[in-house]
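# Commentary on secondary and tertiary structure
For reference, the chains in residue letters:
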Amino acid sequence: MNTVEFSALPLKPALLENISSLGYSHLTPIQAESLPHILEGRDVIAQAQTGSGKTLAFGIGLLSRLDIDDFHVQAMVVCPTRELADQVCKAIRQLARFTQNIKVLALCGGTPFAPQRDSLEHGVHIVVGTPGRLQEHLQKHSLRLDHLKVLVLDEADRMLDMGFSDSVSDVISYAPNHRQTLLFSATFAEPIRQMSQKFQFKPLTVSIEQHHNDTSIEQHFYKVDKAKRLNALGYLLAYHRPESSVVFCNTKRDCQDVADTLDNCGFSVQALHGDLEQKHRDQILVRFANKSCSILVATDVAARGLDIQDMQAVINYELPWDAEVYLHRIGRTGRAGKKGLALSLCSDAELNRLKSIEEYLNISAHWDDIAPFKLSYEERFQPEMVSLWIDGGRKQKIRPGDILGALTGDNGIAGSEVGKIDVFDQQTYVAIKRASADQALTCLRQGKIKGRSFKVHKSGWK
Ligand code: ADP
Ligand code: MG
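Residues numbered from 1 in each chain as written. Chains lettered and ligands numbered in written order. Predicted model: local features only at pLDDT ≥ 70, side-chain atom pairs only at ≥ 80, totals over all residues. Heavy atoms only, no water.

### Description of the overall build of the protein chain
Looking only at helices and strands, the protein chain has 17 helices and 17 strands in total. For 462 residues, the compact-globule estimate of 2.2 N^0.38 gives 23 Å, and the protein chain sits close to it at 23 Å. Referenced to the eigenvectors of the C-alpha coordinate spread, the extents of the protein chain come out at roughly 65 × 60 × 45 Å. Every one of the 462 residues in the protein chain was classed for burial, and the buried ones make up 52%. The long-range share in the protein chain, meaning contacts at least 24 apart out of those at least 6 apart in sequence, stands at 75%. Summing over all exposed atoms, the protein chain offers an accessible surface of approximately 21400 Å²; the carbon and sulfur share of this is 48%. (Helix = DSSP H or I, 4+ residues; strand = E, 2+ residues; numbered from the N terminus. Rg over C-alpha atoms; globule rule 2.2 N^0.38 Å. Buried < 20%, exposed > 50% of the residue type's maximum accessible area, 1.4 Å probe, protein only. Contact = heavy atoms within 4.5 Å. Areas by Shrake-Rupley, 256 points an atom, 1.4 Å probe, with all protein chains shown as cover.)

Take a look at the structure:
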């Protein structure tokens, strides 16, 4: 058991206070191994499984090196996907709340270029982005790295998998040689070592043993004919009724089919795959995080790097080809000491894959029974919350407090009925307990927010 407390680290008191107000008291193993060296300014290559707290390790590291009075870009985090970049950006902003005026900017594709350029002109301390868009800003000189002190490569293995090797190299070629480089990866394959050799100076290697027999995840396997897969999935979902779960499919097509079928059966479900428009994906992730959608059906690519908390179950609609992918998938449940369920459907044709998973994880799978289940529209499996979607956001100066005020004012609803409020540039999502949703909708439609009326929609409401 790890017992290092954050207060034992040489951090600014205000930052420490903020860390504790965010609910963190003790360092996770990877943080305990890496943070002291990161704070000394050394290059570090850190490997640990998903969910081990790597973001906080580099987030604290780069914030503690920041000179707040210097409005040049001093830290850059390169991430494989836009979702991950958004999450990292959010996490750093939370950590940065200990002081005013730290500007953290996400630079990803799928959003207009010009506003990003304008924000950069106004001065930014930290940028978090995906390789392609960072490259574009660097080539057009809207982003300059002359003052860069810390470079972070997050989920470096995924970036290589996704073919970003050249663009990452190009992005780094704009950075000064004298810098701290932190490289994070869930795996330690040879290409990662090469990447480290190329971009790091005398790096310290930190690796945390993976707990293959992690008792916080309960793994169950069900032998099911291919043709009965959907039915079995319906049974598992109806039986366990997880508040939030991800169903993994190996193909985009399965992903959409499974989501459509579950939807027809009255489950609260969304498909997440690479063909969706960015705006739609954002909306899905917000609804999943605020608990107004309880099942996400996803491909591995689409789910990469997502930190969705409190996931009760991960379901493999089909076993993945690669044992490491299996580990990656089930690592999304049972986080932060909570118990998680990993349920896998497996047909005879997939027994080879199961064997390699058993070997890799050093487990022996035992079969569980599955009762026949009638997939029908009889019963609804509704999540606790619903989402309302307001046509206005940060650009209209909306803050969460304004929404809460409008909802709980005269003729309003109780504050305890209101869930997560997510404010984006042009829109805001607010989660409301189902029973109060109609009243909340009327309240927002008839009342004013910031002295103005906004359009309010129901998002994916059934
Ligand atoms: P990784 O990048 O290693 O996959 P994350 O940085 O996304 O993992 O962290 C996973 C979860 O663990 C996050 O929800 C984060 O808030 C939480 N976490 C991180 N550090 C701590 C800590 N020291 N104590 C408790 N929870 C933590
Ligand atoms: Mg991470």
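### A look at the packing of helix 2 (residues 29-39) against helix 3 (residues 54-64)
For the pair helix 2 and helix 3, interaxial distance at closest approach is 9 Å and the crossing angle is 20°. With respect to each other, helix 2 and helix 3 are oriented roughly parallel. The way helix 2 lies across helix 3 gives a crossing that is right-handed. Residues Ile 30, Gln 31, Ser 34, Leu 35, Ile 38 and Leu 39 of helix 2 form the contact with helix 3, whose participating residues are Lys 54, Leu 56, Ala 57, Ile 60, Gly 61 and Ser 64. (Axes fitted to C-alpha atoms, helices over the stretch in contact; angles between N-to-C directions. Parallel < 35°, antiparallel > 145°, perpendicular 65-115°, else oblique. Left-handed = near helix turned anticlockwise from the far one by under 90°.)

### A look at the site of ligand 1
Close contacts around ligand 1 come from 16 residues, with Tyr 24, His 26, Gln 31, Gly 51 and Thr 55 the closest. Contact distances for ligand 1 include 3.1 Å between an oxygen atom and a backbone N or O atom of Ser 52. Broken down by element, the shell around ligand 1 gets its largest block of residues, three residues, from helix 3. Each residue belonging to the shell around ligand 1 can be placed in one class, and the counts come to three nonpolar, 10 polar and three charged. Here the shell around ligand 1 spans two domains, and each of domain 1 (6-212) and domain 2 (217-361) adds at least three residues to it. (Near = heavy atom within 4 Å. Polar contact = N/O pair within 3.5 Å; in protein donor to acceptor, adjacent residues only side chain to side chain. Nonpolar A, V, L, I, M, F, W, Y, C, P; charged D, E, K, R; others polar. Domains from an automatic or database assignment.)

### What about the packing of helix 6 (residues 131-139) against helix 8 (residues 165-173)?
The geometry of a pair of packed helices is captured by two quantities: the angle between their axes and the separation between those axes. Interaxial distance between helix 6 and helix 8 falls to 9 Å at its minimum, and their mutual angle equals 35°. Where helix 6 crosses over helix 8, the handedness of that crossing is left-handed. Facing Pro 131, Leu 134, Gln 135, Leu 138 and Gln 139 of helix 6, the residues of helix 8 in contact are Ser 167, Val 168, Asp 170 and Val 171. Of the residues in the contact of helix 6 with helix 8, the class split is five nonpolar, three polar and one charged.

### Here's the deal with the sheet that holds strand 15 (residues 418-423)
Pairing within the open sheet is antiparallel, and its four strands lie in the order 15-16-14-17. Here the strands that pair on one side only, and so sit at the sheet edges, are strand 15 and strand 17 (456-459). When strand polarity is set aside, the average angle formed by the axes of neighbouring strands in this sheet is 25°. When strand 14 (residues 385-390) meets strand 17, the two strands line up antiparallel, connected through four bridges. Its bridge partner lying in strand 17, Trp 389 is registered against His 457. On the sheet, helix 16 (residues 400-408) packs against strand 14, strand 15 and strand 16 (428-433) and is oriented at approximately 140° with respect to strand 15. (Pairing = 2+ DSSP bridges.)

### Quick word on helix 4 (residues 82-95)
The α-helix winds at 3.6 residues per turn, so residues separated by three or four positions along the chain end up facing the same way. Taking 1.5 Å as the rise per residue, helix 4 with 14 residues should run 20 Å; its terminal C-alpha atoms sit 20 Å apart, in good agreement. Within the sequence span of helix 4, burial applies to Arg 82, Glu 83, Leu 84, Ala 85, Val 88, Cys 89, Ile 92 and Leu 95. The secondary structure elements touched by the buried residues of helix 4 are helix 1 (13-21), helix 3, strand 2 (75-78), strand 3 (104-107), strand 4 (126-129) and helix 12 (278-289). (Expected span 1.5 Å × (residues − 1).)

### Comments concerning the pattern of salt bridges
Close approach of charged atoms allows side chains with opposite charge to pair. Following the criterion strictly, the structure yields 17 salt bridges and no others. Note that Glu 318 is salt-bridged to Arg 353, the shortest N-O span being 3.2 Å. Here Glu 318, found in the loop between strand 12 (313-316) and helix 14 (323-330), pairs with Arg 353, found in helix 15 (residues 351-361); they are 35 residues apart in sequence, far enough to count as distant. Comparing Glu 318 with Arg 353, the two get one shared label, buried. Two residues, Asp 402 and Lys 450, come together in a salt bridge whose shortest N-O distance is 3.5 Å. Of the two residues, Asp 402 sits in helix 16 while Lys 450 sits in the loop between helix 17 (437-446) and strand 17, which places them 48 residues apart along the sequence. (Salt bridge = Lys/Arg side-chain N within 4 Å of Asp/Glu carboxyl O.)

### Things to note about the domain arrangement of the protein chain
When cut into domains, the protein chain gives domain 1 (6-212), domain 2 (217-361) and domain 3 (385-458). Distance between the C-alpha centres of domain 1 and domain 2: 29 Å.

### Some words on the environment of Leu 262
When you line up the elements, Leu 262 lands in helix 11 (residues 252-264). Considering only alpha carbons, one finds Leu 262 and Asn 231, 31 residues apart in sequence, at a separation of 9.7 Å. If sequence neighbours within four positions are ignored, Leu 262 has contacts with Leu 233, Leu 237, Phe 267, Val 269, Ile 295 and Val 297.

### Topic: the side chain of His 273
Position of His 273 relative to the elements: it lies in the loop between strand 10 (269-272) and helix 12. There is a polar contact of 2.8 Å between the side chain of His 273 and the side chain of Gln 256. Excluding its chain neighbours within four sequence positions, the residues that come into contact with His 273 are Lys 252, Cys 255, Gln 256, Arg 281, Thr 299 and Ala 302.

### As for helix 14
When you tally the buried positions in helix 14, you get six out of eight residues, the bulk of the element. Residues of helix 14 that are buried: Ala 323, Tyr 326, Leu 327, His 328, Arg 329 and Ile 330.

### Thoughts on the nonpolar core
Formed by 43 residues in total, the largest nonpolar core has its most connected members in Leu 62, Leu 63, Ile 126 and Val 128. Every residue in contact with Leu 63, bar those within four places of it in the chain, is listed here: Lys 12, Ile 92, Leu 95, Ala 96, Phe 98, Ile 102 and Ile 126. (Core = buried A, V, L, I, M, F, W, Y, C linked by side-chain atoms within 4.5 Å.)

### Observations concerning the pairing of strand 14
Of all six residues making up strand 14, five are buried, and the element is well covered by its neighbours. In this structure, strand 14 lies alongside strand 16, joined through six bridges in antiparallel fashion. Bridging from a neighbouring strand, Trp 389 pairs with Tyr 429 of strand 16.

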